[in-house]
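Here's the letter readout for the chains.
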Amino acid sequence: MIYLDYSATTPVSYEVLDTISKVTKEFIGNANSLHALGLKSANLLESATKQIADIYGISPNEIIYTSGATEANNMALIGVAMANHKKGKHIIVSKLEHPSIYAICNYLKSIGFEISYVNNDKEGLIDFEDLKNKIREDTILVSICAVNSETGVRQPLKMIRQIIKKENLATIFHSDITQAVGKVSINFHDIDLASMSAHKIFGPKGIGFLYKSNMIKITPIIYGSGKFNELKPGTPPLPLIAALSKAIRLANTDLEKRERFVNLLNMKIVNFLEKYPEIKINKTKYSIPQILNISIMNIMPETFLHMLDKHEVYLSTNTACSSGEISNSIMAIYDDPKRAKHTIRISLSYVTTTDEINKFLEIFKEEYENAISIK
Amino acid sequence: MKKIIIIKYGELSTKKDNINFFISKLKNNISLILESIENEISYDFGRMFIKVNENDIDIVVNKLKKVFGILEIIIGYIDNELEIEKIKNNTLNLISDKNFNTFKVITKRSDKTYPINSMEINNVIGGYLLKNISNIKVDVHNPELSINIEIRKNEVLYYFNGIKGLGGYPVGTLGKGLLMLSGGIDSPVSGYMAIKRGVKIEAIYFESPPHTSEMAKEKVIKLARVLSYYNAEIKLHIINFTEIQETILKNIPHDYLITIMRRMMYRISAIIAHNNKCNILINGESIGQVASQTLTSMRAINEVIKMPVIRPLACFDKLEIIKMAKEIQTYDISTLPFEDCCTIFVPKHPVINPSLSKCEEYEKLIPYKELIHKAIKNHEVLIIKEKMENKYQDLL
């Protein structure tokens with residue numbers, strides 16, 4: 001098997017799986033309970049949260065566990081909208097967001113909020129002038145993802161924050177950082193809210209967290225009881241939380257070294273594919289090396305994916321989540337419908353080997369040349 | 001251009017003779033809290049310089065905000081371009097994202113061979129900024145933005161306004177004290193105030209299982225951990241008070257329960273303090289807050305020991321104490337609902353003006369010297385640090 005779909009999801013690493021198993025077996029108490037077993041669980045929960053807080057330089061009470069980034073995006077966007085609708089109903093997002101953001105925006109539109117879409121340039125970078133001009137007195141939220149899941153374009157969050165706060169200090173800045181965690185360094189002081197999922201960093205599915213700066217308040221969208229955080233009541237899923245904490249620790253080591261290695265693999269693939277005139281490399285100077293998007297102009301992407309599937313080579317078209325036929329992100333950057341219809345995403349990881357890439361390119365060549373010969 | 005952190009000293013700069021001791025203590029304290037982060041510390045007559053990786057700067061500044069002895073934390077920029085044109089450009093770039101109406105340029109030349117003198121540089125830079133930025137003015141008395149430029153032999157250091165540090169004295173420069181730590185709001189705040197004055201603290205906690213719970217003990221450990229952010233680490237002495245408390249309950253008239261209990265706690269604390277080279281006791285007593293805190297009560301209780309007892313909160317009112325507890329982040333922990341041994345056996349009518357002779361008379365009814373000795377012998381000692389306990393190392 002050659003797995004090259006790390007941006008869709010990652011396998012759970014051995015160490016993290018070990019934690020899930022041990023914690024499930026040894027920490028049976030509900031962290032909300034008053035007895036010794038509850039206390040034991042509460043202590044582990046506290047240490048797990050403190051570890052994440054220390055790694056990111058934030059406060060433990062700024063971490064709210066969720067079932068993943070989609071839930072966190074909901075909590076963030078709807079929470080800000082509900083808390084601030086008297087101040088304004090204007091929300092700005094980019095054209096490069098994860099589909100969940102647009103789904104939430106559609107809901108908010110249906111209940112009276114106004115959504116604006118900020119432009120980006122040909123490299124995928126946010127158009128700062130356009131952002132500046134779109135921010136108004138009644139703009140309550142800007143949501144721009146740190147790394148685009150299809151093209152890997154990385155946004156300069158600090159600069160975006162400066163622009164937002166210069167125009168309107170009250171506007172809240174949210175970023176979906178799911179594709180950035182474990183790949184590039186993130187400074188949480190650049191943002192007010194952030195969403196992430198564990199299953200992109202060799203952690204289990206079903207857990208992630210919302211970062212919410214202590215400086216802002218949002219309205220809860222989930223109600224219940226429990227002593228941990230009013231935004232996420234209920235029994236904390238301790239095995240998953242411990243796993244998330246460990247996954248974050250493991251993901252946050254040697255970021256630069258790992259990026260350099262993945263870059264070599266990325267360049268290998270690019271150099272190989274460039275030879276083919278009908279294959280477009282959808283990579284800009286802001287794309288991170290872990291995500292490589294291409295458009296195979298003369299073959300339908302689903303068809304090609306299935307051809308590779310035969311060899312147990314796994315890639316994506318668009319994102320795992322989007323159901324449309326056209327890639328919104330490719331349209332936003334290249335404004336080319338044909339290109340946007342034929343995208344394939346190759347996502348790499350620091351655990352990918354040179355051997356795997358070599359084999360992948362062999363198989364790619366075989367199937368691609370076969371496919372065009374049929375045509 | 002490289003970033004560097006500059007620290008200006010607080011009160012310790014007035015101690016002429018001891019200044020080297022104070023500075024090296026401060027340096028050691030800083031090294032301890034930056035243990036896990038790559039850093040290089042150097043210092044001169046008035047300031048300390050800390051070099052760290054750019055990614056770590058925010059984390060380090062946050063940690064320095066909790067170190068006593070620091071007056072101001074400033075982020076400086078070092079560049080090796082010495083030409084005046086480059087200095088003009090660099091200054092302009094560095095202030096481009098700042099909002100201000102008035103400014104002042106303060107230049108220092110530590111390298112006196114530099115061709116232009118400080119006054120002239122002030123004028124040249126000032127003029128350049130006025131030309132290139134609209135709507136700003138020079139204010140030599142009270143500028144919003146201070147632009148500091150230091151010209152050294154091979155480099156130029158730029159810095160602006162800094163962040164206020166905690167002030168106070170570096171921890172440990174003024175000896176050791178033992179803090180009587182309960183789970184309440186007051187004692188952690190007292191501990192913090194003592195640390196601020198340069199006292200390194202250890203702590204003592206009295207538990208009475210099963211009357212007090214594990215949760216109450218955890219609460220105290222959490223409070224000690226918050227204090228350890230400022231003190232580096234806290235040695236927590238945990239005394240099992242159950243037998244003493246039950247003996248008092250069975251033998252002493254109820255109105256004197258609290259008074260006698262406190263006398264025992266003072267005796268035990270003084271012995272532990274002495275054994276651990278602490279010269280003072282510290283606690284959170286405030287005049288009049290509860291029955292044992294009237295002046296006659298304080299006298300009747302204090303009388304059993306010779307060691308000085310510092311009560312930093314003696315003259316603060318409850319609202320002021322709560323405000324401080326929130327600032328140092330102990331309030332939320334203190335208000336968790338787990339009772340400590342002082343609150344579980346409260347008599348209906350505690351004596352407000354206890355008499356010394358009655359105290360002595362009642363104490364003859366119980367073998368307190370043996371009980372105290374027993375409680376102190378082999379008591380539990382925990383070292384509380386900011387870093388996570390090792391017990392979760394394989395899980396997290």
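The shown structure was predicted, so the numbers you read here are calculated from the model rather than taken from an experiment.

## Observations regarding the overall build of chain B
A tally of regular secondary structure across chain B gives 14 helices and 15 strands. Here the C-alpha radius of gyration of chain B, 27 Å, is well above what a compact globule of 396 residues would show, namely 21 Å. Dimensions of chain B, computed from C-alpha atoms along their principal axes, come out at roughly 85 × 50 × 40 Å. Buried residues in chain B amount to 53% of all 396 residues. Long-range contacts, defined here as pairs at least 24 residues apart, represent 80% of the contacts in chain B between residues at least 6 apart. When the accessible area of chain B is evaluated, it comes to approximately 19,500 Å², of which 51% is carbon and sulfur surface. The positive charge centre, built from 53 side chains, and the negative charge centre, built from 46, are 4 Å apart in chain B.

## Some words on the overall build of chain A
When you go through chain A residue by residue, the secondary structure sums to twelve helices and twelve strands. In terms of overall size, chain A behaves like a compact globule, its C-alpha atoms giving a radius of gyration of 21 Å where 375 residues would be expected to give roughly 21 Å. The principal-axis extents of the C-alpha atoms in chain A amount to approximately 70 × 50 × 35 Å. Each of the 375 residues in chain A was classed as buried or not, and the buried ones make up 58%. Of the contacts formed within chain A by residues at least 6 apart in sequence, a portion of 72% connects residues at least 24 apart. Here chain A contributes 43 positively and 40 negatively charged side chains, and the mean placements of these two sets differ by 3 Å.

## Quick word on the environment of N122(B)
Here N122(B) is to be found in helix α4 (residues 118-132). With near-sequence residues (within four places) excluded, N122(B) lies in contact with V105(B), I106(B) and T107(B).

## Remarks on the interface of chain A and chain B
Taken together, the contacts link 27 residues of chain A with 18 residues of chain B. In this assembly, chain A packs against chain B so that about 1,800 Å² is buried in total across both faces, 53% of it on carbon and sulfur atoms. When the buried area of chain A at its contact with chain B is split by residue, L39(A), S47(A) and K50(A) rank highest and sum to 24% of it. Linking chain A with chain B are two salt bridges, by the criterion used here. Scanning the region where chain A abuts chain B turns up seven residue pairs in polar contact (both at pLDDT 80 or more). A total of ten residues in the side of chain A that touches chain B trace back to one element, the largest contributor, which is helix α2 (residues 36-56) of chain A.

## Examining the sheet that holds strand β5 (residues 139-143) of chain A
Strand pairing in a sheet is mediated by backbone hydrogen bonds. Such pairs are either parallel or antiparallel. All names here are of chain A. Taken in spatial order, the seven strands of this open sheet run β2-β8-β7-β6-β5-β3-β4, and their pairing is mixed. At either margin of the open sheet sits one strand with a lone partner, and together these are β2 (63-66) and β4 (114-118). In this sheet, neighbouring strand axes are inclined to one another by 20° on average, regardless of whether the strands run parallel or antiparallel. Contacts from α2 reach β2 and β8 (208-212), with the element oriented near 115° to β2. Relative to β8, helix α7 (residues 238-251) is tilted by about 75°, and along the sheet it contacts β2, β7 (193-197) and β8.

## Details of helix α8 (residues 255-273) of chain A
Residue and element names in this part refer to chain A. In this model, α8 (19 residues) spans 27 Å end to end at C-alpha, consistent with the 27 Å of a helix rising 1.5 Å per residue. Of the residues making up α8, those classed as buried are L255, R258, V262, L265, N266, I269, V270, F272 and L273. An end-on view of α8 places all buried positions within 160° of arc, on one side of the element. Turned more than 90 degrees off the buried face of α8, the exposed positions are E256, K257, R260 and L264. Packed against the buried residues of α8 are α7, β9 (279-281), β10 (291-296), β12 (343-347) and α12 (354-374).

## A look at the packing of aromatic side chains
Each pair of aromatic rings is reported with the distance of its centres and the angle of its planes. Residues and elements named next belong to chain A. Under the counting rule described, the total for this entry stands at 24 aromatic pairs over all chains. Among the aromatic residues, those joined into a ring-pair cluster are F272, Y276, F304, F360, F364 and Y368. Over the face of the ring belonging to Y350 we find R258, whose NZ or CZ atom lies 3.7 Å from the ring centre. The lysine or arginine in question, K275, covers the ring of F272, its NZ or CZ lying 4.1 Å from the ring centre.

## Considerations on the side chain of N29(B)
All names here are of chain B. Relative to the helices and strands, N29 is located in helix α1 (residues 19-33). A polar contact of 3.1 Å, which involves the side chain of N29, links it to the backbone oxygen of V171. With near-sequence residues (within four places) excluded, N29 lies in contact with P170 and V171.

## What about the confidence of the model for chain B?
Looking at chain B as a whole, the pLDDT averages 89, with 95% of positions reaching at least 70. For chain B, the element scoring lowest by mean pLDDT is helix α12 (residues 341-344) of chain B, at 66; strand β13 (residues 280-282) of chain B scores highest, at 97.

## Details of a nonpolar patch on the surface
Residue and element names in this part refer to chain A. A surface patch of nonpolar side chains, amounting to about 250 Å² of accessible area, comprises M82, Y107 and I111. Mapped onto the secondary structure, Y107 falls in helix α4 (residues 99-110). Accessibility expressed as a relative area gives 41% for Y107, which makes it partly exposed.

## Considerations on the environment of R267(B)
All names here are of chain B. Residue position: R267 is located in helix α8 (residues 257-275). Judged by its relative accessible area of 14%, R267 falls in the buried class. Placed 36 residues apart in sequence, R267 and E303 show a C-alpha to C-alpha distance of 9.8 Å. Aside from chain neighbours lying at most four places away, what touches R267 is V304, I305, E363, Y368 and I372.

## Focus on the sheet that holds β9(A)
Residues and elements named next belong to chain A. A sheet is described by the order of its strands in space; here three strands give the open sequence β9-β10-β12, paired in antiparallel fashion. Of all the strands in the sheet, the pair left with one neighbour each is β9 and β12. For this sheet the average axis-to-axis angle between neighbouring strands, irrespective of direction, equals 30°. Summarising the sheet, β9 and β10 pair through three bridges and their orientation is antiparallel. Opposite I279, over in β10, you have I296 as the bridge partner. In this fold α8 packs onto β9, β10 and β12, with an angle of close to 15° to the strand it touches most, β10. Packing against the sheet, α12 makes contact with β9, β10 and β12, and its axis sits at approximately 15° to β10.

## Quick word on the nonpolar core
Note that soluble globular proteins tend to have their nonpolar side chains buried in a common cluster. Among the nonpolar cores identified, the biggest contains 56 residues, and Y65(A), L131(A), I177(A), F188(A), F209(A) and L244(A) are the most heavily contacted of them. Of all the elements in the fold, those that place two or more residues in this core are α1 (14-26), α2, β2, α6 (157-167), β7, β8 and α7 of chain A. Sort the elements by how many residues they give to this core and α7(A) lands first, with eight residues. With 39 residues, the next largest nonpolar core counts I185(B), A224(B), I322(B) and Y331(B) among its residues.

## Overview of unusual backbone geometry
Residue and element names in this part refer to chain B. Look at the link from P209 to P210: it is a cis peptide, with omega at 0°. Mapped onto the fold, P210 is located in the loop between β11 (200-207) and α6 (214-231). Even without glycine at this site, K277 takes up a positive phi of about 60°. Mapping K277 onto the fold places it in the loop between α8 and β13. Of note in this structure, N378 is not a glycine but carries a positive phi near 55°. By relative accessible area, N378 is classed as exposed at 73%.

## Observations regarding the packing of helix α3 (residues 69-84) of chain A against α4(A)
All names here are of chain A. Where α3 meets α4, the closest approach of the two axes is 10 Å, and the angle between their N-to-C directions is 30°. The angle between α3 and α4 falls in the class roughly parallel. Crossing of α3 against α4: the hand is right-handed. Note on element contacts: α4 touches α3 through S100, I101, I104, C105, Y107 and L108, opposite T70, N73, N74, L77, I78, A81 and M82. Looking at the contact of α3 with α4 residue by residue, the classes come out as nine nonpolar, four polar and no charged.

About the thresholds
- Residues numbered from 1 in each chain as written.
- Chains lettered and ligands numbered in written order.
- Predicted model: local features only at pLDDT ≥ 70, side-chain atom pairs only at ≥ 80, totals over all residues.
- Heavy atoms only, no water.
- Helix = DSSP H or I, 4+ residues; strand = E, 2+ residues; numbered from the N terminus.
- Rg over C-alpha atoms; globule rule 2.2 N^0.38 Å.
- Buried < 20%, exposed > 50% of the residue type's maximum accessible area, 1.4 Å probe, protein only.
- Contact = heavy atoms within 4.5 Å.
- Areas by Shrake-Rupley, 256 points an atom, 1.4 Å probe, with all protein chains shown as cover.
- Lys, Arg positive; Asp, Glu negative; His and termini not counted.
- Charge placed at Lys NZ, Arg CZ, Asp CG, Glu CD.
- Buried area = accessible area lost by both parts, 1.4 Å probe.
- Salt bridge = Lys/Arg side-chain N within 4 Å of Asp/Glu carboxyl O.
- Polar contact = N/O pair within 3.5 Å; in protein donor to acceptor, adjacent residues only side chain to side chain.
- Pairing = 2+ DSSP bridges.
- Axes fitted to C-alpha atoms, helices over the stretch in contact; angles between N-to-C directions.
- Expected span 1.5 Å × (residues − 1).
- Arc of directions from axis to C-beta.
- Phe/Tyr/Trp six-rings, centres within 6.5 Å; stacked < 30°, edge-to-face > 60°.
- Lys NZ or Arg CZ within 6 Å of the ring centre and 35° of its normal.
- pLDDT = per-residue confidence, 0-100.
- Patch = residues over 30% accessible without salt bridge, like charges linked within 9 Å, V, L, I, M, F, W, Y side chains within 5 Å.
- Core = buried A, V, L, I, M, F, W, Y, C linked by side-chain atoms within 4.5 Å.
- Parallel < 35°, antiparallel > 145°, perpendicular 65-115°, else oblique.
- Left-handed = near helix turned anticlockwise from the far one by under 90°.
- Nonpolar A, V, L, I, M, F, W, Y, C, P; charged D, E, K, R; others polar.

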